[in-house]
Amino acid sequence: MLKEKIAAIKQQAEEMIQKVQSNEDVANLRIQFLGRKSEFNNILKGLKDLAEEERRQIGQMANQVKQEIEKRLAEAEKSLKLKGFDLQAEKIDVTIPGHKVERGHLNILSQVQNEIEDIFNSMGFEVADGREIETEFYNFDALNMPKSHPARDMQDTFWLKQT
């Protein structure tokens, strides 16, 4: 009686696996035929009540059918995955030039300085860049500053020794 029941479960599982359309269907069939509350699992739980010789035969047959169902479910998943793979959609053309990614930005102080320079340039002024360190001649003497001028004091000017 149990042998016929196991064979019927196997037949029903094979028929339903052939009609599978999605991975969700495969998962539902796995639960239906191999889950904790499945009829197949109830048969395996009932093996303890059988005689030893019958338990061995039914157990071997049940394990074999269980492995076949698992194998068929795995094959169904694999075939669904292959059917769902579209080579043309997944194709990547590596010869297409890439998009340049702009990274970083100017410091906010540099942005403000540029805006101020643009404003003054539009008013007719020019930006003149020069050396950051000047000699005493260009800083004071050429500008006709007398030796007693307060800007020449030690605390108001950085003085460097010439080498």
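Above: the structure in question.
Chains are numbered independently. Their residues run from 1 in the order of the written sequence. Where totals are concerned, whole chains, interfaces and linings use all residues; where local detail is concerned, this predicted model gives features only for residues with pLDDT of at least 70, and gives and counts side-chain atom pairs only at 80 or more. Computation of side-chain values: all heavy atoms of the structure, hydrogens and water removed.

## Some words on the side chain of arginine 152
You can see arginine 152 is positioned in the segment after α7 (136-139). Relative accessibility thresholds used throughout: buried, under 20% of the residue-type maximum; exposed, over 50%; partly exposed, between the two (1.4 Å probe, protein chains only). What makes arginine 152 buried here is its relative accessible area of 9%. By the convention used here, residues are in contact when the closest approach between their heavy atoms is within 4.5 Å. Residues within four places of arginine 152 in sequence aside, it is in contact with Glu136, Phe140, Asp141, Met145, Pro146, Lys147, Thr157 and Trp159. Helix and strand assignments follow DSSP, with helices taken as H or I runs no shorter than four residues and strands as E runs no shorter than two, numbered in order from the N terminus.

## So, the packing of helix α1 (residues 2-18) against helix α2 (residues 23-34)
Where helices are involved, their axes are fitted lines through C-alpha atoms of the stretch in contact, as for all axes, and angles between N-to-C directions lie from 0 to 180°. Contact geometry for α1 and α2: axes closest at 11 Å, N-to-C directions at 175°. It follows that α1 is roughly antiparallel to α2 by the angle criterion. Contacts from Ile9, Gln12, Ala13, Met16 and Ile17 in α1 reach Leu29, Gln32 and Phe33 in α2. Residue composition of the contact of α1 with α2, by class: six nonpolar, two polar and no charged. Working rule for angles: under 35 degrees goes down as roughly parallel, over 145 as roughly antiparallel, 65 to 115 as roughly perpendicular, anything else as oblique. All residues other than Ala, Val, Leu, Ile, Met, Phe, Trp, Tyr, Cys, Pro, Asp, Glu, Lys and Arg, Gly among them, are scored as polar; the first ten of these are nonpolar and the last four charged.

## Some remarks on the layout of surface pockets
Space left empty within the atom packing is revealed by a probe, the size of a water molecule, rolled over the atoms. Within this model, the largest pocket holds a volume of roughly 340 Å³. In terms of lining, the largest pocket is formed by Glu132, Ile133, Glu134, Thr135, Glu136, Asn139, Phe140, Thr157, Phe158, Trp159, Leu160 and Gln162. For the lining of the largest pocket, the residue count by class is five nonpolar, four polar and three charged. Lining the second largest pocket, in full, are Glu14, Ile17, Gln18, Val20, Arg72, Glu75, Ala76, Ser79, Leu80 and Lys83. Going through the elements one at a time, α1 and α4 (52-84) are the ones with two or more residues in the lining of the second largest pocket. A cavity here means a set of 1 Å grid points, computed over protein atoms only, where a 1.4 Å probe fits but cannot escape. A pocket is an open set with protein on both sides within 12 Å along at least 5 of 7 lines, and lining residues have an atom within 4 Å of a point. Grid points are joined across faces, edges and corners, and a volume is the space filled by probe spheres set on the points.

## A short note on the pattern of salt bridges
Within this document, salt bridges are pairs made up of a side-chain nitrogen of Lys or Arg and a carboxyl oxygen of Asp or Glu, the two lying within 4 Å of each other. Taken as a whole and assessed by the stated rule, the structure comprises nine salt bridges. In this structure, the salt-bridge partner of arginine 72 is glutamate 14, at a minimum N-O distance of 3.3 Å. Within this pair, whereas arginine 72 is found in helix α4, its partner glutamate 14 is found in helix α1, the two being separated by 58 residues in sequence. Judged by relative accessible area, glutamate 14 falls into the partly exposed class, the value being 22%. Through salt bridges with shared partners, a single network forms among Glu52, Glu53 and Arg56.

## What about the nonpolar core?
We call a set of buried Ala, Val, Leu, Ile, Met, Phe, Trp, Tyr and Cys residues a nonpolar core when their side-chain atoms join them within 4.5 Å. Judged by nonpolar contacts, the single largest core of 20 residues is most densely connected at Ile6, Val26, Leu29, Phe33, Phe40, Ile69 and Leu73. Those elements that provide at least two residues to this core are α1, α2, α3 (39-45) and α4. For this core, the leading source of residues is α4, giving seven residues.

## Some points on the side chain of serine 38
Tracing the chain through its elements places serine 38 in the loop between α2 and α3. There is a polar contact of 2.8 Å between the side chain of serine 38 and the backbone oxygen of glycine 35. By the criterion applied in these results, polar contacts are pairs of N or O atoms within 3.5 Å in which, for protein atoms, one can donate a hydrogen and the other can accept it, and in which residues neighboring in sequence qualify only through two side-chain atoms.

## Focus: α2
Expected span of a helix: the number of residues minus one, times 1.5 Å. Helix length check: α2 (12 residues) gives 16 Å between terminal C-alpha atoms against 16 Å at 1.5 Å per residue, within 8%. Within α2 the residues assigned to the buried category are Val26, Leu29, Phe33 and Leu34. Burial along α2 is one-sided: seen end-on, the buried residues are contained in an arc of 90°. For α2, the exposed residues lying more than 90 degrees away from the buried face are Glu24 and Ile31. The directions considered for the arc are those from the helix axis to the C-beta atoms.

Nothing here speaks to function; it is all geometry.
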